[in-house]
There are 2 protein chains.
Amino acid sequence: MAGTDRTQQPADGGLAMILVKPQLGENIGAAARAMYNFGLTDMRLVQPRDGWPNPHAVGMASGAMPVLDGARVYQHAEDAAAEIQHLFATTGRHRGMVKHVVTPRRAAEMMREAAARGERCGVLFGGERSGLDNDDVALADNIICVPVNPAFASINLAQAVLLVAYEWFVAGDDTPPEEVALGATRSANREELVRLFEHLESELDAHNFFRPPERRPGMVRSLRNMILRSRLTGQDVRTLRGIIGALASRR
Amino acid sequence: MAGTDRTQQPADGGLAMILVKPQLGENIGAAARAMYNFGLTDMRLVQPRDGWPNPHAVGMASGAMPVLDGARVYQHAEDAAAEIQHLFATTGRHRGMVKHVVTPRRAAEMMREAAARGERCGVLFGGERSGLDNDDVALADNIICVPVNPAFASINLAQAVLLVAYEWFVAGDDTPPEEVALGATRSANREELVRLFEHLESELDAHNFFRPPERRPGMVRSLRNMILRSRLTGQDVRTLRGIIGALASRR
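Conventions used here
- Residues numbered from 1 in each chain as written.
- Chains lettered and ligands numbered in written order.
- Predicted model: local features only at pLDDT ≥ 70, side-chain atom pairs only at ≥ 80, totals over all residues.
- Heavy atoms only, no water.
- Axes fitted to C-alpha atoms, helices over the stretch in contact; angles between N-to-C directions.
- Helix = DSSP H or I, 4+ residues; strand = E, 2+ residues; numbered from the N terminus.
- Parallel < 35°, antiparallel > 145°, perpendicular 65-115°, else oblique.
- Left-handed = near helix turned anticlockwise from the far one by under 90°.
- Contact = heavy atoms within 4.5 Å.
- Pairing = 2+ DSSP bridges.
- Least-squares fit on C-alpha atoms with pLDDT ≥ 70 in both.
- Salt bridge = Lys/Arg side-chain N within 4 Å of Asp/Glu carboxyl O.
- Polar contact = N/O pair within 3.5 Å; in protein donor to acceptor, adjacent residues only side chain to side chain.
- Nonpolar A, V, L, I, M, F, W, Y, C, P; charged D, E, K, R; others polar.
- Phe/Tyr/Trp six-rings, centres within 6.5 Å; stacked < 30°, edge-to-face > 60°.
- Lys NZ or Arg CZ within 6 Å of the ring centre and 35° of its normal.
- Expected span 1.5 Å × (residues − 1).
- Buried < 20%, exposed > 50% of the residue type's maximum accessible area, 1.4 Å probe, protein only.
- Arc of directions from axis to C-beta.
- Patch = residues over 30% accessible without salt bridge, like charges linked within 9 Å, V, L, I, M, F, W, Y side chains within 5 Å.
- Areas by Shrake-Rupley, 256 points an atom, 1.4 Å probe, with all protein chains shown as cover.
- pLDDT = per-residue confidence, 0-100.

Draft legend 1. Local environment of the packing of helix α7 (residues 157-171) of chain A against helix α7 (residues 157-171) of chain B. At a minimum axis separation of 10 Å, α7 of chain A and α7 of chain B run at an interaxial angle of 60 degrees. In terms of orientation, α7 of chain A and α7 of chain B fall into the oblique class. At the point where α7 of chain A passes α7 of chain B, the crossing takes the right-handed sense. Side by side, α7 of chain A and α7 of chain B meet where Ala158, Gln159, Leu162, Leu163, Tyr166 and Glu167 of chain A of the first sit next to Ala158, Gln159, Leu162, Leu163, Tyr166 and Glu167 of chain B of the second.

Put into structure tokens, the structure is as follows:
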């Protein structure tokens, strides 16, 4: 089926996160949680320092057990990446190698393009102390370099996994950048708004608010603009008219 | 001066990260590290459960002391956000409130636009157990909702801080999405490449590689394309010519 429908994507997103010589179980657990937050499950561990499974990972994973339970352990990065077609290495510096360097955002686009062709991707992450060694970096097609404060550039292992997983998820996500959550309600229509304006303005006239009278037209426009900026719902209009009525009534 | 140069941005980016009732010092420390990775220093803590300062924060901060040392403690979110002009609240769900919901990426654009006008922004993050309470959310102009795996949507506090800080940094960063790090070397020119091609092809002719002869033109084109795809440097060309010479010599 994969041969006939080349846009079909594997359930694991076609993306493996490969942690090379990670030290702290807590970081492996936090990385698992970050992966699962963004729908990734294929975690591979190369020579985890404290063995595997590691109970410290479980607490920090906060329930991302599909990732931890499925994690596979390898002796070498080459073995962990054996069937990977597009391999990325995360580093904080260029290491003097002649290699393509991409941002996490660009890497995510490349991964999505590869997955759409049915090809598998992987990302190498180095251990906490010194990152990937140069031989592991040389195994990868591309380097992912996170843009970062040059004065404080060392990113926590799980945080690096999170950023790559987040960018991968967002590259395939169609959440609108900006929307108003209306819940069970709906936006006010022009008739409701105009009745609100007229209610407010008539009460303000009755209370002699617009002084001097020649300023009334400009003040009315400012009030109407202020009210419109808050993008009222039908319920908001009813609430505001109740407030106007309450304030305008005798105590 | 800020009045005359409205594009001047404050040293702290004009962005405060406000942690409301955080529980674990480790998460405060990890949040501080994430902030400083992306050049942010203004951390505010509302009722940190275990008091402040907290030694558990220091270890996880990995040296982000400008953030921890400058952190200020408040009793209420209103006080922590007192001078903030554009306040965001991070939540995992919409809470049934009628409110603008934005992605972290869109929020970062809005923050950069506000900072360019010399206005201050802040982001509220809730504690580990249950996030922000509804009254704190109601204090904010906008909700930031991270697009996430709906089956595993709970993001660690420090990870949420990281994502907002990362998007803020990237929104003001001009790193090219893709580039080749050449280090001290330079790309090969066409003359070097053609000499390499001819060197290889003449040795292959001498070793009777192109068979049958009518396939030679197509095979040569494929070889040349394969070599060009690796985007050789001048040094690479010299290395490859050495390899060809070595392989073609008698043992």
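Draft legend 2. Structural context of the environment of Val58 of chain A. Residues and elements named next belong to chain A. Mapped onto the fold, Val58 is located in helix α2 (residues 55-61). For the pair Val58 and Ile28, spaced 30 residues apart in sequence, the C-alpha to C-alpha distance is 8.8 Å. Those residues in contact with Val58, other than ones at most four positions away along the chain, are Met65 and Leu68.

Draft legend 3. Structural context of the sheet that holds strand β8 (residues 178-181) of chain B. The 8 strands lie next to each other as β3(A)-β2(A)-β1(A)-β6(A)-β4(A)-β7(A)-β5(A)-β8(B), forming an open sheet whose pairing is mixed. Of all strands in the sheet, those bounded by a partner on one side alone are β3 (72-74) of chain A together with β8 of chain B. Mean inter-strand twist for the sheet, computed between neighbouring axes without regard to direction, equals 30 degrees. Sheet topology places strand β2 (residues 42-46) of chain A next to β3 of chain A; 3 bridges connect them, and they run parallel.

Draft legend 4. Examining the relation of the copies chain A and chain B more closely. Of the transformation superimposing chain A on chain B, the axial component is 0.0 Å and the angular component is 180 degrees, with the fit at an RMSD of 0.1 Å. A rotation of that kind, with that shift, is consistent with a two-fold axis. When the interface residues of chain A are mapped onto chain B, 100% of them again fall at the interface, so both copies present the same face.

Draft legend 5. Structural view of the interface of chain A and chain B. Between chain A and chain B, the contact holds 50 residues from the first and 50 residues from the second. Where chain A touches chain B, the interface holds 4 salt bridges. Its salt-bridge partner being Glu167 of chain A, residue Arg105 of chain B comes within 2.9 Å of it at the nearest N-O pair. Seen at the junction of chain A and chain B, the total is 22 residue pairs in polar contact (both at pLDDT 80 or more). Going through the elements one at a time, α1 (25-37), β5 (99-102), α5 (104-116), α7 and β8 (178-181) of chain A are the ones with two or more residues in the side of chain A that touches chain B. Examining the composition of the side of chain A that touches chain B, we find that 8 residues originate from one element, α7 of chain A, more than from any other. Class assignment for the residues of the side of chain A that touches chain B results in 28 nonpolar, 14 polar and 8 charged. Pairing analysis gives 4 bridges linking β8 of chain A to strand β5 (residues 99-102) of chain B, with the strands arranged antiparallel. What sits directly across from Val180 of chain A, in β5 of chain B, is His100 of chain B.

Draft legend 6. Seen up close, the packing of aromatic side chains. Residue and element names in this part refer to chain A. Per the counting criterion, the structure on display carries 8 aromatic pairs over all chains. Members of the aromatic cluster, each reached through a chain of ring pairs, are Phe38, Tyr166 and Phe169. Arg112 extends its terminal NZ or CZ atom over the ring of Trp168, reaching a point 3.9 Å from the ring centre.

Draft legend 7. Helix α10 (residues 234-248) of chain B, seen in detail. All names here are of chain B. Given a rise of 1.5 Å per residue, 15 residues ought to cover 21 Å, and the 21 Å separating the end C-alpha atoms of α10 matches this to within 8%. Listed in full, the buried residues belonging to α10 are Gly234, Val237 and Ile244. The arc enclosing the buried residues of α10, seen along the axis, measures out at 80 degrees, which places them on a common side. Turned more than 90 degrees away from the buried face of α10 sit Ala246 and Leu247, all of them exposed. Tucked into the core, α10 has its buried residues touching α8 (190-206).

Draft legend 8. Broad picture of a nonpolar patch on the surface. A contiguous nonpolar surface patch, about 290 Å² in accessible area, is contributed by Leu240, Ile243 and Leu247 of chain A. Positionally, Leu240 of chain A belongs in helix α10 (residues 234-248).

Draft legend 9. Looking closely at the confidence of the model for chain A. Residues and elements named next belong to chain A. When pLDDT is averaged along chain A, the result is 92; 96% of the residues meet or exceed 70. Below pLDDT 50 for its whole length, residues 1-7 participates in 7 contacts with residues either more than four positions away or in separate chains. What the predictor reports for the complex is a pTM of 0.89 with an ipTM of 0.89.

Draft legend 10. Representation of the environment of Met110 of chain B within the structure. All names here are of chain B. Following the sequence through the fold, Met110 ends up in helix α5 (residues 104-116). When its relative accessible area of 17% is taken as the criterion, Met110 is described as buried. Spatially, the C-alpha atoms of Met110 and Val67 are 23 Å apart, while their sequence positions differ by 43 residues. When sequence neighbours within four positions are dropped, the list of residues in contact with Met110 reads Phe88, Val102 and Asn142.

Draft legend 11. Region of the structure containing the pattern of salt bridges. Scanning the model with the defined rule gives 34 salt bridges over all chains in all. The salt bridge partner of Arg106 of chain A is Glu178 of chain B, with a shortest N-O separation of 2.5 Å. With Arg106 of chain A in helix α5 and Glu178 of chain B in strand β8, the pair connects residues from two separate chains. Under the relative-accessibility criterion, Glu178 of chain B is labelled partly exposed at 32%. Members of the salt-bridge network, linked through shared partners, are Asp12, Asp42, Arg44, Arg72, Glu83 and Arg120 of chain A.

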